[in-house]
Amino acid sequence: MSTHNNHRPEDDYDFLFKIVLIGDSGVGKSNLLSRFTRNEFNLESKSTIGVEFATKSIEKDNMVIKAQIWDTAGQERYRAITSAYYRGAVGALLVYDIAKRNTYDNVSRWLKELRDHADPNIVIMLVGNKKDLRHMRQVRTEEAKEFCIENNCFFIETSALADSNVTEAFENILKEIHSLIIKKRNMLQDPSNPSGQQFKGQGQEIVNLNQENNTVHDENKRCC
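Residues numbered from 1 in each chain as written. Predicted model: local features only at pLDDT ≥ 70, side-chain atom pairs only at ≥ 80, totals over all residues. Heavy atoms only, no water.

## Description of the confidence of the model for the protein chain
- The share of residues in the protein chain with pLDDT of 70 or more is 73%, and the mean pLDDT across the chain is 80.
- Between residues 1–6, whose pLDDT stays under 50, and residues either more than four places distant or in other chains, the model counts 19 contacts.
- Segment residues 195–224 is flagged for pLDDT under 50; beyond a separation of four residues in sequence, or across chains, it makes 61 contacts in the model. (pLDDT = per-residue confidence, 0-100. Contact = heavy atoms within 4.5 Å.)

## Regarding the packing of helix α1 (residues 29–38) against helix α6 (residues 166–189)
- Two elements in contact, α1 and α6, have axes separated by 9 Å at closest approach and are oriented at 85 degrees. Comparing their axes, α6 and α1 come out roughly perpendicular. Between α1 and α6, the contacting residues are Leu32, Leu33, Arg35 and Phe36 on the first element and Val166, Thr167, Phe170 and Glu171 on the second. (Axes fitted to C-alpha atoms, helices over the stretch in contact; angles between N-to-C directions. Helix = DSSP H or I, 4+ residues; strand = E, 2+ residues; numbered from the N terminus. Parallel < 35°, antiparallel > 145°, perpendicular 65-115°, else oblique.)

## What about unusual backbone geometry?
- With a phi angle near 50 degrees, Asp61 is a residue other than glycine that sits in the positive phi range.
- Inspection of the secondary structure assignment puts Asp61 in the loop between β3 (51–60) and β4 (63–72).

This is the structure we're talking about:
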């Protein structure tokens, strides 16, 4: 997978995917966004006020996928925007700080909110950010992996500061969403599927994120 093909206009794309960033304030969501979309990192970045989003296009199988990535504050006082924020999202990066245990302890609450408000088939990736602070680690990698297996999520550890695995995190979730959409399209076009049963089992397939491939355990693609 590569970045956007410069020969195509910016507004020319084959797929547009809305991705949301969620997690406690201060875990590095905004810096993950700026690192991926602009290759920038700001040590002095302040908490996001309200909502902002940025876009970036990547290429897969000769098709352009445009990601519209939304970022919002983790503070409770902004929870009124919840419904609009999640509406239309097909992917979510649930971020915690590996050096702050409380941000990981809150992951379950964020996951519940996501599943209460977002599409039930949304693709979720748990992101342990700030892995450059491994000497201050309070959350074991194996513990987070086990959580993902239990909750049918993907997992990766990143560092926006060191620019480690940031591109991989976003590209992996976009690639997974694209694959699931192509599968769904093929099911709809399959004449052997009885009418009205095209989506039988499809929701479970998406929720499990192709668990038969055990992608959570794929060290090269899903973890640090």
